[in-house]
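# Coordinates in review
So you can see what is in the structure, the chains are spelled out below.
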Amino acid sequence: EIASCLVGSEMCIRDSLMAASSRWLTTLTPREMEVLEHMAEGLSNSQIAEKLYLSGAAVAKHVSSIFSKLGLTPDEDNRRVRAILMYLAERGVG
């Protein structure tokens, strides 16, 4: 998609990235989406666990799955921030 954009078109690149994040976000389970929503609210894993009545290990598993489904590999910096930005872009925030 990005290749079909006009060279230097920031709007086109942003739109393509948002479309990609939208496709990835649709692969999340309802529970993963709920965890991502709480991540976007700034909650830590332990706070999410408390709020959703889950173990910390369960939340960590959901977060790991979210990163994987969004294409965020362990070697990337700021995966949590990137996942939140993808979520917010999908929601039309920012």
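Computed from a prediction, not measured in an experiment: that's the story for all the values here. (Residues numbered from 1 in each chain as written. Predicted model: local features only at pLDDT ≥ 70, side-chain atom pairs only at ≥ 80, totals over all residues. Heavy atoms only, no water.)

Further remarks concern the environment of methionine 39. Along the polypeptide, methionine 39 turns up in helix α2 (residues 30–40). Along the primary structure methionine 39 and isoleucine 84 are separated by 45 residues, whereas in three dimensions their C-alpha atoms are 6.8 Å apart. If we ignore the near neighbours within four places in the chain, the residues touching methionine 39 are Ile48, Val63, Ile66, Phe67, Arg80, Ala83 and Ile84. (Helix = DSSP H or I, 4+ residues; strand = E, 2+ residues; numbered from the N terminus. Contact = heavy atoms within 4.5 Å.)

What follows concerns the side chain of glutamate 32. Within the element layout of this structure, glutamate 32 appears in helix α2. On the basis of relative accessibility, which here comes to 5%, the residue glutamate 32 falls in the buried class. Engagement of the side chain of glutamate 32 in a polar contact is seen with the side chain of lysine 69, the distance being 2.9 Å. Not counting residues within four places of it along the chain, the set of residues in contact with glutamate 32 comprises Thr27, His62, Ser65, Ile66 and Lys69. (Buried < 20%, exposed > 50% of the residue type's maximum accessible area, 1.4 Å probe, protein only. Polar contact = N/O pair within 3.5 Å; in protein donor to acceptor, adjacent residues only side chain to side chain.)

In this section: helix α3 (residues 45–52). Restricting attention to buried positions, one finds in α3 the residues Ile48, Ala49 and Leu52. Buried residues along α3 cover an arc of 100° about the axis, so they all sit on one side. Residues of α3 that are exposed and point over 90 degrees away from its buried face: Ser46 and Glu50. Among the structural elements, α2, α4 (56–69) and α5 (79–90) are those in contact with the buried residues of α3. (Arc of directions from axis to C-beta.)

On to unusual backbone geometry. A positive phi angle is found at tyrosine 53, which is not glycine, with a value near 55°. Relative to the helices and strands, tyrosine 53 resides in the loop between α3 and α4.

The N-to-C vectors of α3 and α4 enclose an angle of 115°; their axes lie 9 Å apart at closest approach. Between α3 and α4, the angle falls in the class roughly perpendicular. Crossing geometry of α3 relative to α4 is assigned as right-handed. Contact with α3, carried on its side by Asn45, Ile48 and Ala49, involves Gly56, Val59, Ala60 and Val63 of α4 and no other residues of that element. Here the contact of α3 with α4 is built from residues that sort into five nonpolar, two polar and no charged. (Axes fitted to C-alpha atoms, helices over the stretch in contact; angles between N-to-C directions. Parallel < 35°, antiparallel > 145°, perpendicular 65-115°, else oblique. Left-handed = near helix turned anticlockwise from the far one by under 90°. Nonpolar A, V, L, I, M, F, W, Y, C, P; charged D, E, K, R; others polar.)

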